[in-house]
Amino acid sequence: MEKILKGYVFRLYPTKEQAILIEKSIGCSRFIYNYFLDISKEEKINAYNYIKKLPELINEYLWLKEVDSCLLRCSIFNLDNAYQKYFKEKKGLPKFKSKTRSRQSYRTNNITSNYKEKTYNSIELDLNKKIIKLPKLKEVAIKGYRNLKQINGKIINATVYKEANKYYVSVCVEEYINQPIITPKTIIGLDLGIKNLVITSDGKVYDNQKYIQKYEKKIKGLQKWLSRSQKGSKNREKIRLKLARVYQKLRNARKYLIHQISKEITEENDIIVAEKLKINQMVKNSHLSKQIYDASWQELIRCISYKSKWKNKKFYQIDTSYPSSQICSHCGYKNKELKNLKIREWECPKCQNKNERDLNASINIMNEGLKQYMDELQFN
Ligand SMILES: [Zn+2]
């Protein structure tokens, strides 16, 4: 059976003492990250060599002893991951973590130990009692997943984070996929667009304008207020917090919508085909609604990818070099004029079929995915 990683996010309700310890843990995690980021400018990143330096560092900065030692190691691994990502994608060198980031976090791994024939975990979830056991913090009250009685898998790690003055924990669990193998009967192509979030090859449109408009207005308004407020004033802090809350609401609305769309698409279809995302093209634009789109596409592809896996469905991503919007899905004629994004509808000069840009592209994407699937069948 195949294993997958699944994330569960719970709201945390720490006591006063626990909240203080969480703040300290976040601070220590940031300190370690920044300390070794500084070292990495002179001494090439090597997580294991860095970890060897930890005991010495703890002796120098005694307050590091107050927190879970595992999170200090995790912080080094986080830095290492940031570097690996940079080496792979050639963009975004790891940056120093600042206290003013809207999301502050630390991660700790679940450590399993055996003692007198009993197994102990450093992280434990009890969904009946609504508590999570975390190193040093002990039992913290949680809320979330009301209908979930039990998690069937091994906890790998937990990330505790603070956002808009609230605490959360994201628990990463390794689960086995337990789904029958199916012979695909249905296929769908997805075109990700600006006008609509997704158009499917059977003509379904998924739109995300409504919530974007709702929050974009609020965010713009608050940003104006913030720029007019006096630096260092209490009022400014208030607006800043309000803005953080609106951003959080926007993210939650997006997550919920994308969860619904990806659920529907992976339930109704056996083979799902989409285009690969052009990463470099996506990050550059600073316009708000564009940012939201980029995040939505990434999130959608991520969700469809893992939900297909859970449900034993096939998911293909077509190379970006494939000219999905230039080909007539009816006869295969290639129309180079369609590089112009303004053309929404066109009549094929060869077969006279009237093509709607996004729908036509999604059908081409579907056909290209079908080709890949047939190739796979031949070689297996
Ligand atoms: Zn044609």
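Residues numbered from 1 in each chain as written. Predicted model: local features only at pLDDT ≥ 70, side-chain atom pairs only at ≥ 80, totals over all residues.

Q: Describe in detail the nonpolar core, supporting the description with residues and values.
A: Core analysis: the largest hydrophobic core is formed by 30 residues, its most contacted members being Leu12, Ile132, Val160 and Val169. Those elements that place two or more of their residues in this core are strand 1 (3–13), helix 1 (16–40), helix 4 (69–89), strand 6 (131–134), strand 7 (138–143), strand 8 (154–163) and strand 9 (166–176). Broken down by element, this core gets its largest block of residues, seven residues, from helix 1. By size, the runner-up hydrophobic cluster in this structure holds 25 residues, among which are Ile188, Ile199, Ile265 and Ile271. (Core = buried A, V, L, I, M, F, W, Y, C linked by C-beta atoms within 7 Å. Buried ≥ 20, exposed ≤ 12 C-beta atoms within 10 Å, placed from the backbone. Helix = DSSP H or I, 4+ residues; strand = E, 2+ residues; numbered from the N terminus.)

Q: Kindly report on the sheet that holds strand 2 (residues 103–109), identifying the contributing residues and their values.
A: By definition, the strands of a sheet pair up through backbone hydrogen bonds, in either a parallel or an antiparallel sense. Taken in spatial order, the seven strands of this open sheet run 2-8-9-1-7-6-5, and their pairing is antiparallel. Since the sheet does not close on itself, it has two edges, and those belong to strand 2 and strand 5 (124–126), each with one partner. Strand-to-strand twist of the sheet, defined as the mean angle between neighbouring strand axes without regard to direction, takes the value 35 degrees. With 10 bridges connecting them, strand 1 and strand 9 associate as antiparallel partners. Within the sheet, the bridge partner assigned to Tyr8 lies in strand 9 and is Val171. Sitting on the sheet, helix 1 is in contact with strand 2, strand 7, strand 8 and strand 9, with an inclination near 90 degrees to strand 2. (Pairing = 2+ DSSP bridges. Axes fitted to C-alpha atoms, helices over the stretch in contact; angles between N-to-C directions. Contact = placed C-beta atoms within 7 Å.)

Q: So what's going on with the domain arrangement of the chain? Residues and values would help.
A: Interface size, as often reported, equals the accessible area lost upon joining of the parts. Split by domain assignment, the chain resolves into domain 1 (3–176) and domain 2 (187–379). Between the C-alpha centres of domain 1 and domain 2 the distance comes to 32 Å. Domain 1 puts five residues into the contact, and the matching count from domain 2 is eight residues. Taken together, the residues that form the side of domain 1 that touches domain 2 break down as two nonpolar, two polar and one charged. (Domains from an automatic or database assignment. Nonpolar A, V, L, I, M, F, W, Y, C, P; charged D, E, K, R; others polar.)

Q: Pulling in residues and values, what's your account of the sheet that holds strand 11 (residues 198–200)?
A: Read across the open sheet, the five strands follow the order 12-11-10-13-14; overall the sheet is mixed. The sheet terminates laterally at strand 12 (205–206) and strand 14 (314–318), the two strands that pair on one side only. By the bridge criterion, two bridges tie strand 11 to strand 12 in an arrangement that is antiparallel. For Val198, the partnering residue across the bridge sits in strand 12 and is Tyr206. Packed on one face of the sheet, helix 9 (residues 357–379) meets strand 10 (187–192), strand 11, strand 13 (271–275) and strand 14 and runs near 130 degrees to strand 10.

Q: Kindly report on the environment of Ser325, identifying the contributing residues and their values.
A: Within the secondary structure layout, Ser325 lies in the loop between strand 14 and strand 15 (345–347). For the pair Ser325 and Ile304, spaced 21 residues apart in sequence, the C-alpha separation works out to 22 Å.

Q: Explain helix 6 (residues 234–268) to me, and be specific about the residues and the numbers.
A: With 35 residues, helix 6 ought to run about 51 Å at 1.5 Å a step, and its terminal C-alpha atoms sit 51 Å apart, in line with that. Three or more residues of helix 6 are buried, namely Leu250, Arg254, Ile258, Ile261, Ser262, Ile265 and Thr266. (Expected span 1.5 Å × (residues − 1).)

Q: Tell me what's going on with the pairing of strand 4 (residues 118–121), and back it up with residues and numbers.
A: As paired strands, strand 3 (residues 112–115) and strand 4 are joined by four bridges and run antiparallel to one another. Following the sheet pairing, Tyr115 is matched in strand 4 by Lys118. The hairpin formed by strand 3 and strand 4 contains two residues between the paired strands, and Lys116 there has a positive phi angle of roughly 45 degrees.

Q: Help me get a handle on unusual backbone geometry, residues and values and all.
A: Of note in the backbone geometry, Lys130 takes a positive phi value of approximately 60 degrees without being a glycine. Structurally, the position occupied by Lys130 is in the loop between strand 5 and strand 6. Phi at Gln352 takes a positive value of approximately 65 degrees, unusual for a residue other than glycine. Locating Gln352 in the fold gives a position in the loop between strand 15 and strand 16 (354–356).

Q: Go over the packing of helix 5 (residues 209–228) against helix 6 with me, naming the residues and quoting the values.
A: Axis separation between helix 5 and helix 6 bottoms out at 10 Å; the angle between their running directions is 165 degrees. Accordingly, the angle class assigned to the pair helix 5 and helix 6 is roughly antiparallel. Seen along the crossing, helix 5 lies across helix 6 with a hand that is left-handed. Residues Tyr211, Tyr215, Lys218, Ile219, Leu222, Gln223, Trp225 and Leu226 of helix 5 lie in contact with helix 6, whose contacting residues are Arg236, Ile239, Arg240, Lys242, Leu243, Val246, Lys249, Leu250, Ala253 and Leu257. Among the residues forming the contact of helix 5 with helix 6, the class breakdown is 12 nonpolar, one polar and five charged. (Parallel < 35°, antiparallel > 145°, perpendicular 65-115°, else oblique. Left-handed = near helix turned anticlockwise from the far one by under 90°.)

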